[in-house]
Amino acid sequence: MSTAKSIPVDKHITLAALDSAPYPIYQRLRREAPVLHVSAVRRTLLTKAEDTRYVKATPELFSTNDPSTPMKRAMWSHTLMRKDGKEHRRERMAMNGAFSPKVINSDWIPQYERIAREYVARLPAGETIDLFSALSGPYAARGLAILLGMEEATDEQMQEWSQALIEGAGNFGWQDKLFERSDRANEEIHALLDSITARHVSAPGNSAFSLMLNAADPIPKKQMYANIKIAIGGGINEPRDALNTIIYGLLTNPDQLEEVVRNRDWSKAFEEGVRWIAPIQVSSRVAKEDLEIRGYHIPKDEVVMTIQASANRDEDLYDDGESFNVYRTDKGPHQAFGIGPHLCQGNRVARKAVGEIMLPILFERFPNMRIPDLNQVIWKGFGFRGVTQMPVQLK
Ligand code: HEM
């Protein structure tokens, strides 16, 4: 007979608390209840790095197909993110060419460099601007539009679609209003993809849409559209939030900024920023059978939520993981891009676009940037986390 304990249940943690200040909660849970069913989230939260890694790296025991999420409703289809095994692999590989190091270097880096220079050049020197809306959001949107092959979409459209799809996918309250917004995004994206199909067929390129359309054995069109939508939902907010977080980390730690500039350690700053505040904080998996984690019985079909945000600050791996420290020696491998078969497909391009391209260009143009009032910086988010406004004086 199994001696596994039942999962403890919490009825006090609220979604509002997780949305505004999750890190003190995770720090407590790592210490007191690393496997905990949180009623407000209706899931079992795993907060230790060893456990989140185990779940994601063991797809034979944990499925990504969580039927209780509103993602399918929000995206009008099942995307590759919620598929397992061969089916997942086939869809992921259909656009993989667009994410290969060769294509990133030949096709996307020159474009990201051009956009970064152009968007930084139009910032008004000397003024205080909201970096979120003036730079980080539009930069992430333009790069993604090009990589996906939908340059016809404006930065505003890309950002609206991304936000609408993400809010729909996170609409656990199943509110009509949020689905109306995501439905509108779906309609507009489908109309655009319909209208640019002929262009991609007559002049094939290396964009994700073009590669999927022109494949020898193409996946169904519905799935091409679904996976473009998951890339829109997953490819704008995260580089945008990563960029803002890293800039915040550097501007609030001037000694580190000085050293980063001196050594051109932009990639190190990138890795520390996404470790410190993971843009995607949590991911769900469903137990495929009865099993045990840390001596607790996890019944078949239980939805476990791996909290990579917490794993990235786990005391087992990091001394003072709560602090931003580019030069920490206990780097550990962070989990900000996930692990296993669903490892972020955009991780290489995000590392280049943000870490290697935008950060040095921005700090060269405005070496004395500062945040005039830290109280004006607003952090938010349980599933996805970043600043929602960050006024910066451009000097
Ligand atoms: C700093 C930026 C980014 C971060 C932190 C990030 C994070 C993640 C994470 C944690 C996952 C895995 C979720 C899970 O395990 O359930 C993921 C998946 C994914 N990401 Fe990213 N992402 C970033 C940028 C991007 C970009 C720029 C793109 C597209 C160009 C992208 C496309 C994707 C796709 C398509 C998947 C699904 C992969 C699959 O299920 O096989 N991501 N991302």
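Just above sits the structure.
A few points on the structure. What you see is a predicted model; the values in this text were computed from it and never measured.

**Examining the overall build of the protein**
So, point 1. Helices and strands together make up the secondary structure of the protein, namely 16 helices and twelve strands.
So, point 2. A globule of 395 residues ought to have a C-alpha radius of gyration of about 21 Å, and the protein, at 21 Å, matches this closely.
So, point 3. In terms of overall dimensions, the protein has C-alpha extents of about 65 × 55 × 40 Å along its principal axes.
So, point 4. Looking at the protein as a whole, 55% of its 395 residues are labelled buried.
So, point 5. The contacts of the protein with a sequence gap of at least 6 include a subset with a gap of at least 24, amounting to 71%.
So, point 6. In the structure as shown, the protein presents an accessible area of about 16900 Å², 53% of it carried by carbon and sulfur atoms.
So, point 7. Averaging the locations of the 50 positively and 51 negatively charged side chains of the protein gives two centres separated by 2 Å.

**Some words on the coordination of the iron atom of the ligand**
So, point 1. Looking at the iron atom of the ligand, one finds just one donor atom contributed by the protein, C344 (SG), at 2.3 Å.
So, point 2. Along the chain, C344 turns up in the loop between helix 15 (308-311) and helix 16 (347-365).

**Observations regarding the site of the ligand**
So, point 1. The local shell around the ligand holds 26 residues, among which H88, R92, R285, H342 and C344 are the closest.
So, point 2. Residue H88 places a side-chain N or O atom 2.7 Å away from an oxygen atom belonging to the ligand.
So, point 3. Note that an oxygen atom of the ligand is positioned 2.8 Å from one of the side-chain N or O atoms of R92.
So, point 4. Only helix 5 (85-94), helix 11 (221-235), helix 12 (237-251) and strand 6 (282-287) provide two or more residues apiece to the shell around the ligand.
So, point 5. Tallying contributions element by element places helix 12 first for the shell around the ligand, with three residues.
So, point 6. Its residues placed into classes, the shell around the ligand shows 13 nonpolar, nine polar and four charged.

**With respect to the sheet that holds strand 4 (residues 62-63)**
So, point 1. Across the sheet, which stays open at both edges, the six strands sit in the order 1-2-3-9-6-4 with mixed pairing between neighbours. Each edge of the open sheet is held by one strand with a lone partner, namely strand 1 (9-10) and strand 4.
So, point 2. Relative to strand 3 (residues 43-46), strand 2 (residues 35-38) is paired through four bridges, and the arrangement is antiparallel. By the bridge assignment for strand 3, H37 is matched with T44.
So, point 3. Where helix 3 (residues 49-56) meets the sheet, its contacts fall on strand 2, strand 3, strand 4, strand 6 and strand 9 (303-307), and the angle it forms with strand 9 comes to roughly 125°.

**Remarks on unusual backbone geometry**
So, point 1. Positive phi outside glycine occurs at R264, with the angle close to 55°.
So, point 2. In this structure, R264 sits in the loop between helix 13 (254-263) and helix 14 (266-276).
So, point 3. Although it is not a glycine, D301 adopts a positive phi angle of roughly 75°.
So, point 4. Take D301: it is sitting in the loop between strand 8 (296-298) and strand 9.

**Focus on the nonpolar core**
So, point 1. If you look at the biggest cluster of nonpolar residues, it comprises 107 residues, and the most contacted ones within it are M150, M158, I232, L250 and L362.
So, point 2. The contacts of M150, once residues within four sequence positions are left out, are A145, M158, W161, I189, L192, L193, I196, I228 and I232.
So, point 3. Within the second largest apolar cluster, twelve residues are counted, among which are I7, F62, L291 and V304.

**Description of the side chain of D155**
So, point 1. Residue placement: D155 occurs in helix 8 (residues 155-169).
So, point 2. D155 sits in the buried class, given a relative accessible area of 9%.

**Notes on the packing of aromatic side chains**
So, point 1. Summed over all chains, the structure comprises eleven aromatic pairs.
So, point 2. With 5.4 Å between their ring centres and 25° between their planes, W266 and F363 make a pair best called stacked. You can see W266 sitting in helix 14 and its partner F363 sitting in helix 16, a full 97 residues away along the chain. Of the two residues examined, W266 and F363, each falls in the buried class.
So, point 3. Consider the rings of W276 and W379, whose centres lie 6.3 Å apart with planes at 80°: the pair is edge-to-face. Of this pair, W276 sits in helix 14 while W379 sits in strand 10 (residues 378-380), placing them 103 residues apart in sequence.

The rules behind the values
- Residue numbers run consecutively from 1 along every chain, following the written order of its sequence.
- Local features in a predicted model are, by the rule used here, given only for residues with pLDDT of at least 70; side-chain atom pairs are given and counted only at 80 or more, and totals for whole chains, interfaces and linings are based on all residues.
- With hydrogens and water excluded, all non-hydrogen atoms of the structure serve as input to the side-chain values.
- Here a helix means four or more residues in a row that DSSP labels H or I, a strand means two or more in a row labelled E, and each is numbered from the N terminus.
- This radius of gyration counts C-alpha atoms alone. The globule rule is 2.2 Å times how many residues there are, raised to the power 0.38.
- When accessible area is computed with a 1.4 Å probe and restricted to protein chains, residues below 20% of their type maximum are described as buried, those above 50% as exposed, and intermediate ones as partly exposed.
- Whether two residues are in contact is decided by their heavy atoms: any pair within 4.5 Å suffices.
- For the accessible areas, the method is Shrake-Rupley and the probe is 1.4 Å, while residue cover comes only from the protein chains on display.
- Lys and Arg are tallied as positive, Asp and Glu as negative. Neither His nor the chain termini are counted.
- For the purpose of locating charges, the reference atoms are NZ of Lys, CZ of Arg, CG of Asp and CD of Glu.
- Coordination partners: N, O, S within 2.8 Å of the metal, 3.2 Å for Na, K and Ca; water not considered, so apparent gaps in a site are possible.
- Note on terminology: near, applied to a residue and a molecule or strand, indicates that one of the residue's heavy atoms is within 4 Å of it.
- Distance and chemistry together define a polar contact, namely a pair of N or O atoms within 3.5 Å, with one atom able to donate a hydrogen and the other to accept it when in protein, and with adjacent residues in sequence counting only for side-chain atoms on both sides.
- The classification used treats Ala, Val, Leu, Ile, Met, Phe, Trp, Tyr, Cys and Pro as nonpolar, Asp, Glu, Lys and Arg as charged, and all other residues, Gly among them, as polar.
- Note on pairing: DSSP must find at least two bridges between two strands before they are called paired.
- Each axis is a line fitted through C-alpha atoms, taken for helices only over the stretch in contact, and angles between the N-to-C directions span 0 to 180 degrees.
- Side-chain atoms within 4.5 Å link the members of a nonpolar core, which is a set of buried Ala, Val, Leu, Ile, Met, Phe, Trp, Tyr and Cys residues.
- Pairs were defined over the aromatic rings of Phe, Tyr and Trp, the Trp ring being its six-membered one, requiring ring centres within 6.5 Å. Orientation was assigned from the angle between planes: stacked under 30 degrees, edge-to-face over 60, tilted for the rest.

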